[in-house]
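# Summary of structural features
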Amino acid sequence: MERTERTTSGGEMNGTMAGSGSGSDELIFFVNGKKIVEKNADPEMTLLTYLRRKLGLTGTKLGCAEGGCGACTVMLSRFQTHTQQLLHYAVNACLAPLCSLHLVAVTTVEGIGSVARKLHPVQERIAKAHGSQCGFCTPGIVMSMYALLRNNPTPKMADMEEAFQGNLCRCTGYRPILEGYKTFTVDGGCCGGRGRENGCCMTNGSGVEKTSEEDVDEATALFSTTDFAPFDPTQEVIFPPELMSLSKGQRSRSLCFRGDRATWLQPDTLEEILRLKWKHPDARVVVGNTEVGIEVKFKNMVYPVILAPSFIPELNSVTHTEDGVVFGAACTLSHMGAVLRQAVETLPPHQTEVFLAVLEQLRWFAGQQIRNVAAVGGNIMTASPISDLNPVFMAAGCKLTLMDKDGSRVVQMDDSFFTGYRRTVLRPQEILVSIEIPYSQKTQFVSAFKQSPRREDDISIVTAAMSVTFTPGSNVVEDLRLSYGGMAATTVLAKRTANRLRGRCWGEELLQEACSTLAEEMTLDPSVPGGMVTYRRTLTLSLFYKFYLTVLQKLRQQGVNVEEVKSDCVSATELYHPQTPSSVQIYQAVPKGRSQDDVLGRPMMHLSAMKQATGEAVYCDDVPLYENELYLSLITSSKAHARIISVDTSAAERLPGVVCFVFADDILGSNATGPVVYDESVLADGQVTCVGHIIGAVVADTQLHAQRAAKAVKIQYEELQPVVTIQEAIAAQSFYQPIRTIQKGDPEAGFKQADHVLEGEMHIGGQEHFYLETNATLAVPRGEDGEMELFVSTQSASKTQSLVAKALGVPANRVVVRVKRMGGGFGGKESRTTVLSTVVAVAANKLKRPVRCMLDRDEDMLITGGRHPFYGKYKVGFLNSGKVMALDVSYYSNAGNSMDLSLSVMERALFHMENSYNVANVRGQGFLCRTNLPSNTAFRGFGGPQGMMISESWITDVAQSLGKAAEEVRRLNLYMEGDSTPYNQILDQFTLDRCWDECLSRSEYQQRRAAIDLYNRQNRWTKRGLAIVPTKFGISFTAVFLNQAGALVHIYTDGSVLLTHGGTEMGQGLHTKMVQIASRVLGIPYSKIHISETSTNTVPNTSPTAASASSDLNGAAVQNACEILMKRLEPYKNKNPKGSWEDWVKSAYFDRVSLSANGFYKTPDLGYDFDSNSGRVFNYFSYGVACSEVEIDCLTGAHKNLSTTIVMDVGHSLNPAIDIGQVEGAFMQGLGLFTLEELHYSPRGVLLTRGPGSYKIPAFGDIPTTLTVSLLRDAPNDKAIFASKAVGEPPLFLASSVFFAIKDAISAARAESGIKGPFRLDSPASAERIRNACTDRFTKLCPPAEPGSFTPWSVQV
Ligand SMILES: Cc1cc2nc3c(=O)[nH]c(=O)nc-3n(C[C@H](O)[C@H](O)[C@H](O)COP(=O)(O)OP(=O)(O)OC[C@H]3O[C@@H](n4cnc5c(N)ncnc54)[C@H](O)[C@@H]3O)c2cc1C
Ligand code: FES
Ligand code: FES
């Protein structure tokens, strides 16, 4: 029952409700121990908005507003009068309605510790274990851990992994977070300060984690648990005594809170809620708000009356009856899970088949923060076709009690319960009171299945539950119910199939009949929303097959005479249980005897980590509000290509709070913009060229008012034909110029020399940056001479400055851009940040008032572009030995509606087209497709990964077509010292062969290969795969002029040093490394050195913090500045050799010596020319090799990352903890790119995946079960600062080893069906692609529809 129109009045409330009267009740709650009495609680306000805007508690972050990232996690505590117990639970503040908090204690990250006071151990350990990079996710993760410990001070690793199901981190790769927190667990290998037989490492320093770097040159510890404060659960913040007495003394009473558009009614009896529902049939019953909150935020729904049933005993009780367990509809999923788990432990197993199926679904249902608040009734009544619980309830025949004020009725959950998309038989005046989940019968077996793109916290593609009951003692089917979600507009029962199978014997014949009938019954329109039609249909069969095997096993266990499940099929029945990950990190220890004050080369903690863990670190949107500040919301195009006919703001103007609109004619300077060429407009002028194109903006008093007004602006378009996909662009020859070519040798001659020539193609999907902190800008006009100060979350302070100045029509010297830190960037904040910052600056200039905007996640994903999708076509010639003789490759990137950085991205793809292989005759061409998508942009790797991915595809094809081991063919073609690249750069100081050999031996490649081959022979439906992949990544900006950097160092008279340089901090630890460098050169402890921020008025004309080169460039500039200062101090040191640093500084000062110096650096000898294919492109190369093993489930397409070994050459690491953090973070981001993350666009160019709910980045559960990262030792690099190497981007491509391991496993599956040889597998290797590639008897029953005969839901762009 979806409504899109707006309803206005809150309606007359029932005057008899206690406390309702004509006004609002007082909302009483506590935040971090402080009592808050809110007299005007707005039913539409979330706890997060209240914390951040009203209380100024900005430690709790906004990452998505849809419960999908966990950045907003806080802990709620309430005293339960019926159990007389305190309940602590983690929730998402972004979805928690403020009004639901009456008599609740809220604990935020600020409430448990601070740098100034004392850190809580959960804050300290994540910081010291290097689990916080950009830190934007950190408060949420801290609070998830804290809530776990409040409930269970001695958790197991599994408890911890469960607690983190609802938290995402884009930087760390998760490993260090788990590593730090395993010290709290009982089975994580550390007693966490509780003491063990042989003492405790935290007190006696004998723990295994202690670094042994004094003794050996190879170190394996990145932190020492001896540095951790012990955890003492008795010291926790107490539940506020006043709240305790308020809660205990409370006699339940109804509450009423009135807002502008909605009224919250919290009745205390069943009669009262039924009467209210009678009076307000449109009222929503809200428990967790996890569905309604999304509808209000993202679907513009307004619900004038909200009924909250949390005080009503009947809706919150649990009753055990003769037939099963009855749950009140408002029981939370966590509570339901706990009750069912206990029932499973105490009841005979045959009674609990249904309960186990529910529990299996709950394991993968959202994250814990959602399960802690979402109600079972909410899941049923949302009636979502992909609900995970409804199929189980349906297959089990659960009974629902419905009630209105005149009485109750009991209905069975069968196929008549759901009457259409999100509709049920419930009458508007009725509510759901309870659900009875029945015990299973002796001869009944039940299973539940969920298949989603990501295992953790994801919505289903197909979800199913199956129940079969046999005639006792036989295998004759008495009753069968197969229910599916994701196969129609409602949860459905496969009735036809079930009817056919009733009375039949459970055996091969039944299976065949079931599959052919299911294939006919479970059909989908080829254009169905959600797409994946063939996959979804195949899943219905595959899941049934799993059920079939499971039931066979169970029947045999009961002594029924059925065929035995063949041993090679057993693994198909096993439920997935994550294994606790383990890891090893290896790096070169600093030489013996080096002073402890010299921190260079040591695993020093990120300098902001502590502040990030306590929520004290300030991000752009955490800057306190200016008194007269306004908020901006963007008006964007809903069409991919159109002329704007009219823009009607009249309805928006009438909305509260609106101050003004900003359109193209408000731009005083130039509307033309763009990072390299000015081919974009700040605000659209007459035409739009992508969905999300910025047309204008609304400025209002608050964010909510601005956003509502922006949505009320009506735009009329005349639509033009869009070009959306690469294939459409090729057909229309829609390319940006120039088309780049690199050629070396003679490819045609090479093909002639080859024994074989093979052609192939591959598409690599794009990727959303998904920095946890979305784009944000605060522009503050200074009132004089056109001056403006901007706080921006950007990697390019100088580019922001120049483009803002251009739009304002002022010289650059009037604009100051300041960047404190970013909550992640990954290239996404290199150029596209200016699309927002220029508009905000124009608005602030127009109004002469501060204006702020932080994009919502869906806006950010829609507007700011991402990694370029690539399509590659190749022809490769090779000898029988596998030696590649010639290559001809064409790359096509989807550049989007403007040039942005696409040319440089393509150039880097071409510079990496041979990856690490020596090909004598090679030609590469790069085409930039001009399409009507938002402009794609820089993303970690910058085209390199796409370039190399195609090369790994052809090298795999070569091996497969020759029937040789891919590892052998790779090794054969690998570069050697002195070889020259296609762009004629000689490879010196070559270490790739060393990385390769170390990786082979550390991963035990050959033994692993043998074990995998054995495994694959023994298992039909699960297969393992292995791949070892090298990478060679060129370091330097390919635009030569960008290879420069500046630094400014001030020494103050007290000896403290203020360091500024041109790079920005986005979590990568750049500032920490710069301080380490300055500390080494100045010869002072790092604690004397401070970096405050990056700003355009300290270091001008900076290059973006990008291309992995920032440590090299800025580090050398810092070194230069510090050396200048040291030279100036030298006479005073010589004069007073025994003096202190402070003495020398003072002496120099009194001697009138400047204690401030600029440093500068430019990379020497660069300059490549495409026409002559000569000149140096790169300063040097970073090398690495990874070996990964995976296991795929051939029936579902799901895969497990079993093991990864990485060997990475980072030269002499400046900071091994930070570098390993970069390696692991990049690897996990690459893992997302190549196996998980899929952006879906409609054929009309509309992005369909706009948040964590539909776009899946890797989660905690995606880390390889064993992960080894080794930094190559004894590999100094003479081309960069202190012999180090760049590390930010190079390791990302190593995740392709997982992709090619998956491909290896698929090959094994295909071989079972007799299919051999090369095959195309596009990236990402999603569950859908894996399943579809594993051709078998089930896929053959579900052939795809003829392409071109239908309009697909989404297209490959
Ligand atoms: C991040 C995230 C992840 C999710 N993951 C999953 C998942 O993995 N699987 C899945 O199935 N779902 C998932 N969901 C959907 C959602 O959380 C569940 O459907 C949840 O159970 C809804 O419960 P709630 O109490 O929050 O509902 P609310 O939002 O409070 O209410 C939902 C609807 O149910 C109605 N309603 C609630 N109680 C009653 C009642 N007693 N009588 C009549 N109507 C009632 C309300 O009026 C409203 O229309 C997810 C949601 C989010 C935000
Ligand atoms: S901001 Fe609340 S979960 Fe993402
Ligand atoms: S540190 Fe987790 S998102 Fe950046």
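Residues numbered from 1 in each chain as written. Chains lettered and ligands numbered in written order. Predicted model: local features only at pLDDT ≥ 70, side-chain atom pairs only at ≥ 80, totals over all residues. Heavy atoms only, no water.

## A short note on the site of ligand 1
As a reminder of what qualifies: For this purpose, a residue is taken to be near a molecule or strand whenever a single non-hydrogen atom of the residue falls within 4 Å of it. In the analysis that follows, any N or O atom pair within 3.5 Å is treated as a polar contact, provided that within protein one partner can donate a hydrogen and the other can accept it, and provided that, for residues neighboring in sequence, both atoms belong to side chains. Here, Shrake-Rupley sampling with a 1.4 Å probe gives the accessible areas, and only protein chains in the shown set may cover a residue. Strands here are runs of E lasting at least two residues and helices are runs of H or I lasting at least four, both read from the DSSP assignment and numbered beginning at the N terminus. Gly counts as polar in this scheme, as do all residues outside two lists: the nonpolar Ala, Val, Leu, Ile, Met, Phe, Trp, Tyr, Cys and Pro, and the charged Asp, Glu, Lys and Arg.
Around ligand 1, 32 residues are found, and the nearest of them are Arg284, Val285, Gly288, Thr290 and Asp388. Here an oxygen atom of ligand 1 and a backbone polar atom of Val287 are 2.9 Å apart. At a separation of 2.8 Å, an oxygen atom of ligand 1 approaches a polar backbone atom of Gly288. Here ligand 1 has 980 Å² of accessible area as a free molecule, and 93% of this is covered by the chains. Listed by contribution, the elements that provide at least two residues to the shell around ligand 1 are strand E9 (284–285), helix H14 (376–382) and strand E17 (431–438). For the shell around ligand 1, the element with the most residues is H14, which contributes five residues. Taken together, the residues of the shell around ligand 1 sort by class into 16 nonpolar, nine polar and seven charged.

## Some details on the sheet that holds strand E44 (residues 1094–1095)
Rules: Each pair of strands is called paired provided DSSP finds at least two bridges between the two strands. By definition, residues are in contact when any of their heavy atoms lie within 4.5 Å. As a rule, the C-alpha atoms of each element are fitted with a line to give its axis, helices using only the stretch in contact, and angles between N-to-C directions run from 0 to 180 degrees.
Spatial ordering of the open sheet is given by E25-E29-E23-E36-E33-E34-E35-E44, a layout of eight strands whose pairing is mixed. Two strands in the sheet have a free side with no partner beyond their single neighbour: strand E25 (658–662) and E44. As paired strands, strand E35 (residues 815–819) and E44 are joined by two bridges and run antiparallel to one another. Looking at E44, one finds that Arg818 is bridged to Ser1095. In the packing of helix H21 (residues 703–712) onto the sheet, contacts are made with strand E23 (630–636), E25, strand E29 (694–700) and strand E36 (851–854), and the angle to E23 comes to roughly 20°. Where helix H25 (residues 834–847) meets the sheet, it contacts E23, E25, E29, strand E33 (776–781), strand E34 (788–792) and E36, and its direction lies at approximately 25° from that of E33.

## A word on the packing of helix H29 (residues 966–973) against helix H30 (residues 992–1002)
When two helices pack together, their arrangement is given by the angle between the helix axes and by the axis-to-axis distance. Which entries qualify depends on this criterion: The cut-offs work like this: below 35 degrees is roughly parallel, past 145 is roughly antiparallel, 65 to 115 is roughly perpendicular, and the gaps in between are oblique. Left-handed describes a crossing in which the near helix is turned anticlockwise from the far one by less than a right angle; the clockwise case is right-handed.
Axis separation between H29 and H30 bottoms out at 11 Å; the angle between their running directions is 160°. Considered as vectors, H29 and H30 are oriented roughly antiparallel to each other. Crossing angle aside, the handedness with which H29 passes H30 is left-handed. Between H29 and H30, the contacting residues are Glu967, Arg970 and Arg971 on the first element and Asp993, Trp996, Asp997 and Leu1000 on the second. Per-class residue counts for the contact of H29 with H30 are two nonpolar, no polar and five charged.

## With respect to the environment of Val1118
Positionally, Val1118 belongs in helix H33 (residues 1110–1135). Sequence separation of Val1118 and Gly1046 is 72 residues, and the distance between their C-alpha atoms is 7.4 Å.

## Observations concerning the packing of helix H32 (residues 1070–1082) against H33
For the pair H32 and H33, the least separation of the axes is 9 Å and the interaxial angle reads 30°. Comparing their axes, H33 and H32 come out roughly parallel. The interaxial crossing formed by H32 with H33 has right-handed handedness. In this structure, H32 contributes Leu1070, Lys1073, Met1074, Ile1077, Ala1078, Val1081 and Leu1082 to the contact, and H33 contributes Ser1110, Ser1111, Asn1114, Gly1115, Val1118, Gln1119, Cys1122, Glu1123 and Met1126. Taken together, the residues of the contact of H32 with H33 sort by class into nine nonpolar, five polar and two charged.

## Topic: the UniProt feature "binding site: [2Fe-2S] cluster 1" (unreviewed entry) in the protein chain
For the record, the criterion: UniProt positions are given in the numbering used here, feature names are shortened, and annotations may be inferred rather than shown by experiment. Between buried and exposed lies partly exposed: a residue is buried under 20% and exposed over 50% of the maximum accessible area for its type, with that area taken using a 1.4 Å probe on protein chains only.
Per the UniProt record, "binding site: [2Fe-2S] cluster 1" (unreviewed entry) is annotated on Cys64, Cys69, Cys72 and Cys94. Taking the farthest pair of C-alpha atoms as the criterion, the annotated set spanning 31 residues converges on one region, since that pair is 10.2 Å apart. With respect to the helices and strands, the residue Cys69 is situated in the loop between helix H1 (47–54) and strand E3 (73–80). Overall, the relative accessible area of 2% leaves Cys69 in the buried class.

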